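Report on the structure
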Amino acid sequence: MDIQGVVTAGFEPVRDAFVRNFEVLGDRGAAVAVYRDGRKVVDLWGGTRDADGTAPWTEDTAQVVRSATKGVAAAVPLLLHQRGLLDLDAPVGAYWPEFKAGGKEKVLVRDLLAHRAGVPALDRGLTAAEAADGVSGPRAVAAQRPFWEPGTGHGYHAQTYSWLLSELVLRVTGRTLGCVLAEEIAEPLGMDFWIGLPDAEAGAGRVGRVAPVEPPESAGVLRTRPRRNVSEAYADPASLTRRAFAAIDPLPDENAPAYRAAELPASNGIGTARALARFYAATIGVVEDGARIFTPATTALAAREHSAGPDRVLVVNTRFGAGYMLHGPASPLLSPASFGHPGRGGSLAFADPEAGIGFGYVTNALAKSVTADPRSQALVRALKSVL
């Protein structure tokens, strides 16, 4: 495997793990980047731009990162809070009056960020066109009766998180979340990351195609069976698990131009591993050119546990901060101090303020993993070994 990029002395085990991901664990095209104390120490890429193609992955290749989008998107409301424009302890309905319907008048902005709003699914799944139109999703989630008393428990809002965050930001700022992200975070930070791919980037040929893959026989760890109750939840069309992931039904074509151009902050962010690592580095400190996103108080807020225990959707124990998944058995990160977000199928990005780490991994080979893909976990273990 021809791996391109650079590794600072001492971080070679990360490169070794990255190579093994291709040789043993079934990666087809991928990139990994690591910042430490604001300085880039790992920046690697290899394989093919398209999971089912032959063109090489290049330095600026970007990919759909699925739910790893959520961690980047969450920075927008937290930035608004940091600027005094959004109160996390205010009812969502104070900004979005229609959301009060169906018994949701006491849902706080904090609950929404921590997957405690009680609306992870919809009574009727939206088509891909409805999901992307900017109107149908917010309208549906505002009218939806909660599946449990909001604030009393948590469950992963796999798809509805898109419309919850996007409409809240729109009501507060008058701009879309993707626009705020581009103007207030991505451009100042020099990040190649978009929620709503611009036409110019779509026409540049740099965004690869993702595809589902089966693990090779050599990757025995990828073939580990989940616990029975988890398997049953994903198999049962009536379960809250299946209904949450089917809030867009049928699932959209993630390679379609219309899908990539839409703004779905839960699932369709497109970017590079380098951008993700740089983003998370800037949430915990100053990066190389002096850029920073969060104040120390906002960093602490992102990493502070808001939800923990049985997840009513994922059917395992999960932990969430204000918009970020936290380290735990279901989603191991670098340490208990870490906060970030995995993407179903492989991608992972996070920060660890204690170790000064910003980490990003993206892949176009989408496995069946939800929160703990063996490829990203191999890279995290290698990183931990050198710190």
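Scroll up for the structure.
1. A closer look at the overall build of the protein chain
Each helix and strand in the protein chain was counted, giving 14 helices and 14 strands. In terms of overall size, the protein chain behaves like a compact globule, its C-alpha atoms giving a radius of gyration of 19 Å where 387 residues would be expected to give roughly 21 Å. Across its three principal axes, the protein chain shows a C-alpha extent of roughly 55 × 45 × 40 Å. Among the 387 residues that make up the protein chain, the fraction classed as buried is 59%. Residue pairs at least 24 apart in sequence account for 68% of intrachain contacts in the protein chain once pairs closer than 6 positions are excluded. For the protein chain, the exposed surface amounts to about 14700 Å²; the carbon and sulfur share of it is 51%. On the protein chain, the mean spot of the 40 positive side-chain charges and the mean spot of the 42 negative ones are 5 Å from each other.

2. Concerning helix α1 (residues 12–23)
Taking 1.5 Å of rise per residue, twelve residues should cover 16 Å, and α1 covers 17 Å from first to last C-alpha, within 8% of that figure. Of the positions making up α1, those classed as buried are Val-14, Ala-17, Phe-18, Val-19, Asn-21 and Phe-22. In this structure, the buried side of α1 is in contact with β2 (29–36), β3 (39–47), β13 (357–363) and α14 (374–386).

3. Regarding the layout of surface pockets
Space inside the second largest pocket adds up to approximately 190 Å³. Taken together, Ala-131, Ala-132, Gly-134, Pro-138, Trp-163, Ser-166, Glu-167, Leu-170, Thr-176, Leu-177 and Glu-263 make up the lining of the second largest pocket. Sorting the residues of the lining of the second largest pocket by element identifies α4 (128–132) and α6 (161–173) as the ones contributing at least two each. Residue contributions to the lining of the second largest pocket peak at four residues, all from α6. Each residue belonging to the lining of the second largest pocket can be placed in one class, and the counts come to six nonpolar, three polar and two charged.

4. A few points about the packing of helix α2 (residues 68–82) against helix α7 (residues 177–189)
α7 packs onto α2 with a crossing angle of 80° between their chain directions and a minimal axis gap of 10 Å. Looking at the two axes, α2 sits roughly perpendicular to α7. Side by side, α2 and α7 meet where Val-72, Ala-73, Ala-75, Val-76 and Leu-79 of the first sit next to Leu-177, Val-180, Leu-181, Glu-184 and Ile-185 of the second. Here the residues of the contact of α2 with α7 are counted per class, giving nine nonpolar, no polar and one charged.

5. Some remarks on the packing of aromatic side chains
Under the defined criterion, the tally for this structure stands at ten aromatic pairs. Note on Phe-18 and Phe-22: the rings are 5.3 Å apart at their centroids and 90° apart in plane angle, and the pair reads as edge-to-face. Taken together, the residues Phe-18 and Phe-22, both in helix α1 and four residues apart, mark about one turn of the helix. Residue classification places Phe-18 among the buried positions, given a relative accessible area of 0%. On the numbers, 4.8 Å between centres and 80° between planes, the contact of Phe-279 with Tyr-280 is edge-to-face. Accessibility classification places Phe-279 together with Tyr-280 in one group, the buried group. One cation-aromatic arrangement involves Lys-104 over Phe-99; the distance from NZ or CZ to the ring centre is 4.9 Å. Looking at Arg-344, its charged tip hangs above the ring of Phe-245, at a distance of 4.5 Å from the centre.

How each quantity is defined
- Residues numbered from 1 in each chain as written.
- Predicted model: local features only at pLDDT ≥ 70, side-chain atom pairs only at ≥ 80, totals over all residues.
- Heavy atoms only, no water.
- Helix = DSSP H or I, 4+ residues; strand = E, 2+ residues; numbered from the N terminus.
- Rg over C-alpha atoms; globule rule 2.2 N^0.38 Å.
- Buried < 20%, exposed > 50% of the residue type's maximum accessible area, 1.4 Å probe, protein only.
- Contact = heavy atoms within 4.5 Å.
- Areas by Shrake-Rupley, 256 points an atom, 1.4 Å probe, with all protein chains shown as cover.
- Lys, Arg positive; Asp, Glu negative; His and termini not counted.
- Charge placed at Lys NZ, Arg CZ, Asp CG, Glu CD.
- Expected span 1.5 Å × (residues − 1).
- 1 Å grid on protein atoms, 1.4 Å probe; cavity = no way out; pocket = protein on both sides within 12 Å on 5 of 7 lines; lining within 4 Å.
- Points joined across faces, edges and corners; volume = space filled by probe spheres on them.
- Nonpolar A, V, L, I, M, F, W, Y, C, P; charged D, E, K, R; others polar.
- Axes fitted to C-alpha atoms, helices over the stretch in contact; angles between N-to-C directions.
- Parallel < 35°, antiparallel > 145°, perpendicular 65-115°, else oblique.
- Phe/Tyr/Trp six-rings, centres within 6.5 Å; stacked < 30°, edge-to-face > 60°.
- Lys NZ or Arg CZ within 6 Å of the ring centre and 35° of its normal.

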